[in-house]
Every structure is written in structure tokens, then in C-alpha cells.
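Understanding the architecture of this molecule
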Amino acid sequence: MDLSSVLGLIQTALELGLICSVTVLALYLSYTMLNVCDLSTDGCFTLGAVTGAVTAMAGHPVLAVFAAMGAGLVSGLVVSVLQTRMGVNSLLAGIIVNTALYSINIAIMDGASLLSLNKTQTVFSLMKTALAGTPLAGQYKLLTALAAVVMIVLFLTLFLRTRMGLAIRATGNNPDMVRSSSINPAMTTTVGLCIAGSFTALSGCLLAQYQKAADINIGQGMVTIALASLLIGSTILGRGGILLRAVGAVLGAVIFRLVYTVALRLDMPAFMLKLVSAVIVVLAISIPYLKTQLPVLRRRMQRKAG
Amino acid sequence: MLELKKISKTFNPGTVNEKRALHELSLSVPDGDFITIIGANGAGKSTLFGAISGSFLTDGGEILLDGQDVTLLPEYRRSKIIGRLFQDPMRGSAPGMTIEENLALAAGRRGWLGHISRQDRECFRAQLRELDMGLEDRLRQPVGLLSGGQRQALTLLMATIA
């Protein structure tokens, strides 16, 4: 394999990593900050992809981004209403909405399960036209994805330092304390999940426009992949401030893609992606726990031996 | 003036574990009073505080604070007018957030989109100094690093800072 094709692979991994990192940033808000595992992520990602695709096919690629985010926000709202106002367990609320979204997503695609954006203007093709003739013209995909990621990271770092952001973080940390600070944790959960939903959908919308196709399975397993990326990121930059951890989330997503690309080159079949991400999530969550259990085990072994 | 009018609370009604914690209790507390409540285990002291602060809905009766009926007000709304310290020092503050972030949340001065300003920090530092625990130099440290006593002192400050 020559150098240019290696660079090409790295480039693609970087672009896909950045696009998926928007979902990872959504989980950074909902999972890390709010301490809610939002299992509607898969459906919400697909919702963003198909809403964006349909809007782009109608000739509005930029509006598509906002339409997708709006749809994701509504999806997040439904999940949060189920868990904060109707007493549905938070995991279950996500699963229920995820199931419902399958039907809704197909309905949005008007009964089809695949939409092709081959002949459609996308935000990427718009960027390509805008950059034509400049030295950066070849990097239009990377720059589009990067612009989205930078905006989301900036938004999150500013937002999480506001009083609303503090309240959201406190809700994940100690809901009792939130209530006694005259803040309704149901409200903070709702705001957090709505924002996270809009990010997830944005990520889906970008991926659909990037690969010029949206299908009903585009988001399948996304929550595990994003969680794996988030945990990889937090092992690298876990102890920093809000900005550093957000950057870590993005880095985690890119690293995940790079590792995946390498694995593919080493003849790992593509369908193994989801198994690999599942194993990474299990390892990342269990290793810190197992570490704490290790001294106990060791002492027990010593006793048995002695 | 805090007034309780014939409030009752029975836990697990109709079961073998039925426990009548409060029975038509009436109490009025004038402004400026300092009150200590003493009772045996299970006498209903915590239940009384739970009823006043809104942790649960009482079975009957009314609770008035300065004439305002707060009986049906949810806990998070009541906490705007009632400061409260939990028995458990771990419950009153968020361990993963810094001292200044906890104080800012409790103070709530700048609206939902406000950031912590230099002025806020000065004010927090001045108030922490009065605790005389050296916390004024640790504004950016997570509360989880404090001892139980330090955390309870911080919670006391948070309850009164608003």
C-alpha cells in the first residue's frame, strides 16, 4: 500500500470520526454530565439522518441541518417527558422512544428504507463550491465536519459554565442538592436531553449528507460506538476541565475510527465493528471497577496460600 | 411566622408496617425563634422536617409560612423560601463540582445564562473566610475532596447565601 492511499484512509477516518464525535458530545452532556444513559440515541441519530436527507432532497441542504436538530430536540423532549413527568424508568424511556422512532423514521422517508442523496446538494457540496480555487479546496469535507465540531464544543464549554449548565451537572451529581437550591431537576433533565438530542440528530444529518445516503439502519449501534469513544476520550483527557474533556470526547471518536480503519486493513470484516465497540465499552467501564477489587482478591489468595 | 395546622402523616397505611408519625400536629413558630426538638428514635422529628420542607405530601392539614399556604408547593419551590440542612453531609452539595460552582448554584444571582463573575468569587471568598476552615483558598477544588464536617459547613453557607 502506498503513502497516498494510507493518507486517504486516515483522512476518511478523521472525517468520519469528527462527524460521529458530535454524537459523542451529545453523550458527554447526557451521560457524563446528566448521568442519564439515553438509549434513544440510535433512533435519534437515524431521525436526524432521514429528516436532513428529506429536507436536502427538497433543495434545502442548510435548512436540513436545522430541521434535523429540531427533530432531535423533539425526540429528546419526548424521552425526558416520559422519565421526568410520567414516571417511566430512564433506560426504558429511551428504549421505548427508540422503538417508536423506527416507524417514524420510515414514515419520514415516505415508506422507503433508503434515500440516495447522489444528485442532491449537501452542506459538503456547498462547502466545496465555496472553497473552489482556494488552497483548502481539497479539504472541504474535513473543514465542514470540523466547523460543526468546533461550534458544538464551544457551545458546550460556554453553556456548562452558566447557571443552567451548573444545574444540569448538579442534577447528574446530586439531585437532592438541586431540589434544595430551588431548581426543578425535571426541568434541567429536560433541557439537557433536548440539547443532547439535537446534537445526536445533527451528527446523523451530517453523516447522511457525507455519505450521500440515509437508510433506516444508519444509527444502529451508535450509542455503544459513541459510548466507547467517550470512554476512550475520558481515559486520555479525563481529569481536565470541561473544555479538555469535551476535546477528549472528540479525540476519542477520532481514535476509535482510526483503530477501526487499521483493523479493517488487517482484514477484520466490517461487520465486526459493533462487537469491537461493545468490548471496548465493557473494558472501559469494568477495568476501573476491577482495579478496586484486585487488592481484595490478592489478599484472599494470600490467605488461602498461607 | 411558620404555622402548622393539624398536619398528619401515616407511613405504609393499611399494612402491618403502618406507622403514624404525625397526628394532627399544630405548631406555630414566631419570627426569630430558635427551637430545638427533642424526641426518642421514631418520634417523628425527621417526619416533621420532611413535612415542612415538602419531601412528601402530608395526609391532612395545612402548612403556612408568613401566611402563604405552602402545603401543596413542590419541594424545589419551597426551598426558595426555606433553607434546610440534611442530616447526611453528603446530600447537600454536589461532590463532582467545585466549591465556587456549588455556591454559585445556591446563590443563583445572575439568571440562567449567567457565568460566575470575579465579584461573585470575591463574595464567596469573604463568606468562606468566616467559616475559618481555609476553604476560601480552595474555590476551584471539587467538593468531593472536603471532609464531612467541611461539607456540612459549606452546605450551611449554601442554605443561607441566596
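Given the structure is predicted, the values throughout are model-derived calculations rather than measurements.

1. Things to note about the overall build of chain B
From N to C terminus, chain B includes five helices and four strands. Along the chain direction, N to C, the helices and strands of chain B fall in the order β-β-α-β-β-α-α-α-α. In terms of overall dimensions, chain B has a C-alpha envelope of 55 × 30 × 30 Å along the principal axes. Scored against the burial criterion, the 162 residues of chain B give a buried share of 23%. Sequence-distant contacts in chain B: of pairs separated by 6 or more residues, those separated by 24 or more amount to 57%.

2. Structural notes on helix H3 (residues 99-107) of chain B
Residue and element names in this part refer to chain B. Counting buried positions along H3 yields nine of nine residues, so the element is predominantly enclosed. Within the span of H3, buried status applies to Ile-99, Glu-100, Glu-101, Asn-102, Leu-103, Ala-104, Leu-105, Ala-106 and Ala-107. Backbone geometry just after H3 places Gly-108 at a positive phi near 55°.

3. Quick look at the nonpolar core
Judged by nonpolar contacts, the single largest core of 105 residues is most densely connected at Val-22, Val-24, Leu-25 and Leu-202 of chain A. For this core, the element with the highest residue contribution is helix H1 (residues 3-33) of chain A, accounting for 14 residues. Those residues in contact with Val-24 of chain A that sit more than four places away from it in its chain are Ala-226, Ser-229, Leu-230, Ala-249, Val-250, Gly-252 and Ala-253 of chain A. If you look at the next biggest cluster of nonpolar residues, it comprises six residues, including Leu-4, Leu-22, Ala-51 and Ile-52 of chain B.

4. A word on the interface of chain B and chain A
Listed as interface residues are 25 residues of chain B and, on the opposing side, 18 residues of chain A. Taken together, the elements giving at least two residues each to the side of chain B that touches chain A come down to helix H2 (75-78) and H3 of chain B. The dominant element in the side of chain B that touches chain A, judged by the number of residues it contributes, is H3 of chain B, at four residues. A class-by-class count of the residues in the side of chain B that touches chain A yields ten nonpolar, eight polar and seven charged.

5. Focus: the environment of Leu-18 of chain A
All names here are of chain A. If you trace the backbone, Leu-18 turns up in helix H1. Spatially, the C-alpha atom of Leu-18 lies 9.1 Å from that of Ser-203, the residues being 185 residues apart in sequence. Among residues more than four places away in sequence, those in contact with Leu-18 are Ala-145, Leu-146, Val-149 and Val-254.

6. Points about the packing of H3 of chain B against helix H5 (residues 148-161) of chain B
Residue and element names in this part refer to chain B. Relative orientation of the contacting elements H3 and H5 amounts to 30°, with a least axis distance of 8 Å. If you check the angle between H3 and H5, you find them roughly parallel. Our pair here, H3 against H5, has a crossing hand that is right-handed. Here H3 contributes Ile-99, Asn-102, Leu-103, Ala-106 and Ala-107 to the contact with H5, which in turn contributes Leu-154, Met-158 and Ile-161.

7. Describing the sheet that holds strand S1 (residues 2-11) of chain B
Residue and element names in this part refer to chain B. Read from one edge of the open sheet, four strands run S2-S1-S3-S4, paired in antiparallel fashion. Both edges of this open sheet fall to strand S2 (19-29) and strand S4 (68-69), since each of them pairs with a single strand only. Pairing between strand S3 (residues 60-65) and S4: two bridges, direction antiparallel. Bridge pairing links Leu-65 to Gln-68 in S4. Against the sheet, helix H1 (residues 45-53) touches S1, S2 and S3, its axis set at about 60° to S2.

What counts as what
Residues numbered from 1 in each chain as written. Chains lettered and ligands numbered in written order. Predicted model: local features only at pLDDT ≥ 70, side-chain atom pairs only at ≥ 80, totals over all residues. Helix = DSSP H or I, 4+ residues; strand = E, 2+ residues; numbered from the N terminus. Buried ≥ 20, exposed ≤ 12 C-beta atoms within 10 Å, placed from the backbone. Contact = placed C-beta atoms within 7 Å. Core = buried A, V, L, I, M, F, W, Y, C linked by C-beta atoms within 7 Å. Nonpolar A, V, L, I, M, F, W, Y, C, P; charged D, E, K, R; others polar. Axes fitted to C-alpha atoms, helices over the stretch in contact; angles between N-to-C directions. Parallel < 35°, antiparallel > 145°, perpendicular 65-115°, else oblique. Left-handed = near helix turned anticlockwise from the far one by under 90°. Pairing = 2+ DSSP bridges.

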